[in-house]
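So the chains spell out like this:
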Protein chains: 2
Amino acid sequence: MPPGTYMEKNKIPDIVVARLPRYLQVLQHMQQEKHLTTNSKELGDRLGISAAQIRKDLSQFGEFGKQGTGYSVPFLINTLQSILNVTTAWNMVVVGAGDLGHALARYQGFTNRGFQVSMVFDNDPKIIGKQIGPFIVQDSAEMVEKVRAAGIQVAMLTVPASSAQKVAEELVKSGVKAILSYAPIVLNLPAYVQVQYIDPILQLQHMTYYL
Amino acid sequence: MPPGTYMEKNKIPDIVVARLPRYLQVLQHMQQEKHLTTNSKELGDRLGISAAQIRKDLSQFGEFGKQGTGYSVPFLINTLQSILNVTTAWNMVVVGAGDLGHALARYQGFTNRGFQVSMVFDNDPKIIGKQIGPFIVQDSAEMVEKVRAAGIQVAMLTVPASSAQKVAEELVKSGVKAILSYAPIVLNLPAYVQVQYIDPILQLQHMTYYL
């Protein structure tokens, strides 16, 4: 099966899907370093993953490399971008314009990795109307209407835990299908909505277990 | 084996350890909601994890609940805090006082979850000396000495990808043993140093695969 023609994407285990963005990240660094080819051992060394695991993961999507010659870096980048649906940039909405929303709205690192912030909302009258980087913070009372009109499907949620569930439900009403939440609570949303969480404390506690 | 007397912590699979902070997070929310007891089904429903998995995970550390009566929320919180080494607060250093470092230095959510920021460093003369929340940004040229003197073991790294490896090595020289890195590169450090990464784009790409 040639790459890109996979038909039944839900049959790929999610744990494999979760590793693909890491492969893409490392390959894009290799490209910046002018590497034209790589192999599963080099990728594995950079990622702390076994070469066998990398070969097995990539083989789920087709035949990428040739025995002995390895992988073409640009070809593998293109293929992973296509698999992950990031060949063009997704517009994103940031909800919650506190310190973290501020940082995300101004973050330069989304460029070339498939995303761009296009709207920022908050419900605080003291913050609405303020400029953050290239954005004017909009009133979250108008969020459902504006996000729906813009056809935005991806959101970053940086509101307090106490309002995260309510705002997430509004985002789903707006047509959002993927939410990256920084609020430290588990959201309860329809199964078709993708949700991922970032809570630095979970990762800090994971490490202190070993200290 | 009673809880807290586990001797060979490295025998617990890391994938189980990674779930324990999520259990603690949900239990602390339950405590805020004045729940005194819970059970594996309720925990599972909140976390999207099967009740059987939760029972199995917790049984690795001893007998927490009684058949039929479930778990005591405060007891389970205390036990998990003890297992994860977060009964008291770890001092942390933030390196990189850009937008994100700013947000982390002012973040209120560390309180009661086992961490507190105690120093902030940057190498930019325009930023050194500035006030961020209760901190004065210090010169990273003095970082190794000051972090070592304070005995700080946990760091959050929010410097650009291009300097992350160098700064991480300096942190290790300072005695830091756990690094949460926001730089989108894989760090190459001694095996005894715990490293975790936060890169929102990896999680966004994981979701767009399914869109």
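As a reminder, the structure under discussion sits directly above these lines.
From a predicted model like this one, the values you see are computed outputs, not experimental measurements.

About the criteria used
- Residues numbered from 1 in each chain as written.
- Chains lettered and ligands numbered in written order.
- Predicted model: local features only at pLDDT ≥ 70, side-chain atom pairs only at ≥ 80, totals over all residues.
- Helix = DSSP H or I, 4+ residues; strand = E, 2+ residues; numbered from the N terminus.
- Buried ≥ 20, exposed ≤ 12 C-beta atoms within 10 Å, placed from the backbone.
- Contact = placed C-beta atoms within 7 Å.
- Least-squares fit on C-alpha atoms with pLDDT ≥ 70 in both.
- Pairing = 2+ DSSP bridges.
- Axes fitted to C-alpha atoms, helices over the stretch in contact; angles between N-to-C directions.
- Left-handed = near helix turned anticlockwise from the far one by under 90°.
- Nonpolar A, V, L, I, M, F, W, Y, C, P; charged D, E, K, R; others polar.

Draft legend 1. Spatial organisation of the overall build of chain A. Looking only at helices and strands, chain A has eight helices and 10 strands in total. Dimensions of chain A along its principal axes, counting C-alpha atoms only, are 60 × 45 × 35 Å. Per-residue burial for chain A yields a buried fraction of 39% across its 211 residues. If you take every contact in chain A between residues at least 6 apart in sequence, the share linking residues at least 24 apart comes to 57%.

Draft legend 2. Seen up close, the relation of the copies chain A and chain B. The transform that puts chain A on chain B rotates by 180° and translates by 0.0 Å along the axis, for an RMSD of 0.0 Å. Accordingly, the operation relating the two chain copies is best matched by a two-fold axis. Mapped onto chain B, 100% of the interface residues of chain A are again interface residues, and the two copies thus contact each other with one and the same surface.

Draft legend 3. Spatial organisation of the sheet that holds strand β3 (residues 90-95) of chain B. Taken in spatial order, the six strands line up as β7-β4-β3-β8-β9-β10 (chain B) in an open sheet, and their pairing is parallel. This sheet does not close on itself; its edge strands, each paired only once, are β7 (138-139) and β10 (194-197) of chain B. The strands that helix α8 (residues 200-208) of chain A touches are β3, β4 (115-122), β8 (154-157), β9 (178-181) and β10 of chain B; relative to β9 of chain B, the one it contacts most, it runs at about 155°. The strands touched by helix α5 (residues 99-106) of chain B within the sheet are β3, β4 and β8 of chain B, with β4 of chain B carrying the most contacts at an inclination of about 150°.

Draft legend 4. Spatial organisation of the environment of Ile 185 of chain A. By secondary structure assignment, the location of Ile 185 of chain A is in the loop between β9 (178-181) and β10 (194-197). Looking at Ile 185 of chain A, the number of C-beta atoms within 10 Å reads 18, which means it is partly exposed. The spacing of Ile 185 of chain A and Ser 40 of chain A is 145 residues in sequence and 37 Å in space, taken between C-alpha atoms. The contacts of Ile 185 of chain A, once residues within four sequence positions are left out, are Ala 161 and Ala 164 of chain A together with His 29 of chain B.

Draft legend 5. View of unusual backbone geometry. All names here are of chain B. Despite not being glycine, Lys 34 has its phi angle at roughly 70°, a positive value. Its place among the elements puts Lys 34 in the loop between α1 (14-32) and β1 (37-38). We classify Lys 34 as exposed; it has 7 C-beta atoms within 10 Å. With a phi angle near 70°, Asn 112 is a residue other than glycine that sits in the positive phi range. Within the secondary structure, Asn 112 is located in the loop between α5 and β4.

Draft legend 6. Region of the structure containing the packing of helix α1 (residues 14-32) of chain A against helix α4 (residues 73-83) of chain A. Residue and element names in this part refer to chain A. At a minimum axis separation of 10 Å, α1 and α4 run at an interaxial angle of 145°. Crossing of α1 over α4 shows left-handed handedness. Contacts from Leu 20, Tyr 23, Leu 24, Leu 27, Gln 28, Met 30 and Gln 31 in α1 reach Val 73, Pro 74, Leu 76, Ile 77, Leu 80, Gln 81 and Ile 83 in α4. Taken together, the residues that form the contact of α1 with α4 break down as 11 nonpolar, three polar and no charged.

Draft legend 7. Representation of the interface of chain A and chain B in the model. Taken together, the 48 residues of chain A in the interface contact 48 residues of chain B. For the side of chain A that touches chain B, the elements supplying multiple residues, two or more each, are α1, α2 (40-47), α5 (99-106), β9, β10 and α8 of chain A. Looking at the side of chain A that touches chain B, the element that brings in the most residues is α8 of chain A, giving nine residues. Within the side of chain A that touches chain B, the residues separate by chemical class into 29 nonpolar, 13 polar and six charged.

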